[in-house]
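# Structural overview for review
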Amino acid sequence: MPAYVIFDVEIRDTERYQAFMAQVKPALEAAGARYLARGGAHKVHEGDWQPRRIVLLEFPSIAAFEEFYDGPVYQGLKEVREACSAARLVSVEGLA
């Protein structure tokens, strides 16, 4: 069953964030993930959520996402991301 991961990212240092992106893209591909949305225009229709930059990823499963997220490659890259941005992150299991 697919899993979807939603990031709401506030970028504080664009140059460093671009360096993070150059490294995380191949790591995501190796984990079987793909981008569905990345920083496109968005509009809040209800509620008080004020997202900054939305990134939507699809993984083959929750287990695949958690293996990626908790694994040594992303944990090293996460330190880079946290140095140049702040994020909210949620994962949700998709429909079979």
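Look up a bit, the structure's there.
Since the structure is predicted, the reported quantities are computational estimates derived from the model, not experimental observations.

## Examining helix 2 (residues 62-70)
Every buried residue belonging to helix 2 is among Ile62, Ala64, Phe65, Phe68 and Tyr69, and all of these are buried. Buried residues of helix 2, viewed axially, fall in a sector of 160°; they line one side. Summarising the geometry of helix 2, the exposed residues directed more than 90 degrees from the buried face are Ala63, Glu67 and Asp70. Those residues of helix 2 that are buried are in contact with strand 1 (3-11), helix 1 (14-30), strand 3 (53-59), helix 3 (72-84) and strand 4 (85-93).

## Remarks on the side chain of Ser85
Relative to the helices and strands, Ser85 resides in strand 4. At a separation of 2.8 Å, a polar atom in the side chain of Ser85 contacts the main-chain carbonyl oxygen of Arg81. Those residues in contact with Ser85 that sit more than four places away from it in its chain are Val9, Glu10, Ile11, Arg12 and Tyr17.

## Some details on the environment of Ile11
The residue Ile11 is located in strand 1 in this model. Ile11 gets classed as partly exposed once you look at its relative accessible area, which sits at 31%. Expressed as a C-alpha distance, the spacing of Ile11 and Arg53, which sit 42 residues apart in the sequence, is 8.1 Å.

## Focus: the nonpolar core
Grouped together as the largest cluster of nonpolar side chains are 21 residues, with contacts concentrated most on Val24, Phe59 and Tyr74. When contributions to this core are tallied by element, the ones reaching two or more residues are strand 1, helix 1, strand 3, helix 2 and helix 3. Here this core takes 6 residues from helix 1, the largest share from any one element. Leaving out residues up to four positions away in the same chain, Tyr74 has contacts with Phe7, Phe20, Val24, Phe68, Tyr69 and Arg81.

## Some details on the packing of helix 1 against helix 3
Taken N-terminus to C-terminus, the directions of helix 1 and helix 3 make an angle of 160°; their axes are 9 Å apart at the nearest point. The angle between helix 1 and helix 3 falls in the class roughly antiparallel. Classified by chirality, the crossing of helix 3 by helix 1 is left-handed. Residues Arg16, Tyr17, Phe20, Gln23, Val24 and Ala27 of helix 1 form the contact with helix 3, whose participating residues are Val73, Tyr74, Leu77, Val80, Arg81, Ala83 and Cys84. Looking at the contact of helix 1 with helix 3 residue by residue, the class counts come to 10 nonpolar, 1 polar and 2 charged.

## What about the sheet that holds strand 1?
Taken in spatial order, the 4 strands line up as 2-3-1-4 in an open sheet, and their pairing is antiparallel. Two strands bound the open sheet, and with one partner strand each, they are strand 2 (34-38) and strand 4. Strand after strand, the sheet turns through a mean of 20° between neighbouring axes, direction not considered. Taken together, the 7 bridges between strand 1 and strand 3 define a ladder with antiparallel strand orientation. Within the sheet, the bridge partner assigned to Ala3 lies in strand 3 and is Phe59. This element, helix 1, spans strand 1, strand 2, strand 3 and strand 4 of the sheet and lies at about 150° to strand 2. The strands touched by helix 3 are strand 1 and strand 4; relative to strand 4, the strand with the most contacts, the crossing angle is about 135°.

Rules used throughout
- Residues numbered from 1 in each chain as written.
- Predicted model: local features only at pLDDT ≥ 70, side-chain atom pairs only at ≥ 80, totals over all residues.
- Heavy atoms only, no water.
- Buried < 20%, exposed > 50% of the residue type's maximum accessible area, 1.4 Å probe, protein only.
- Helix = DSSP H or I, 4+ residues; strand = E, 2+ residues; numbered from the N terminus.
- Arc of directions from axis to C-beta.
- Contact = heavy atoms within 4.5 Å.
- Polar contact = N/O pair within 3.5 Å; in protein donor to acceptor, adjacent residues only side chain to side chain.
- Core = buried A, V, L, I, M, F, W, Y, C linked by side-chain atoms within 4.5 Å.
- Axes fitted to C-alpha atoms, helices over the stretch in contact; angles between N-to-C directions.
- Parallel < 35°, antiparallel > 145°, perpendicular 65-115°, else oblique.
- Left-handed = near helix turned anticlockwise from the far one by under 90°.
- Nonpolar A, V, L, I, M, F, W, Y, C, P; charged D, E, K, R; others polar.
- Pairing = 2+ DSSP bridges.

Scope: geometric values only; no functional claims are made or implied.
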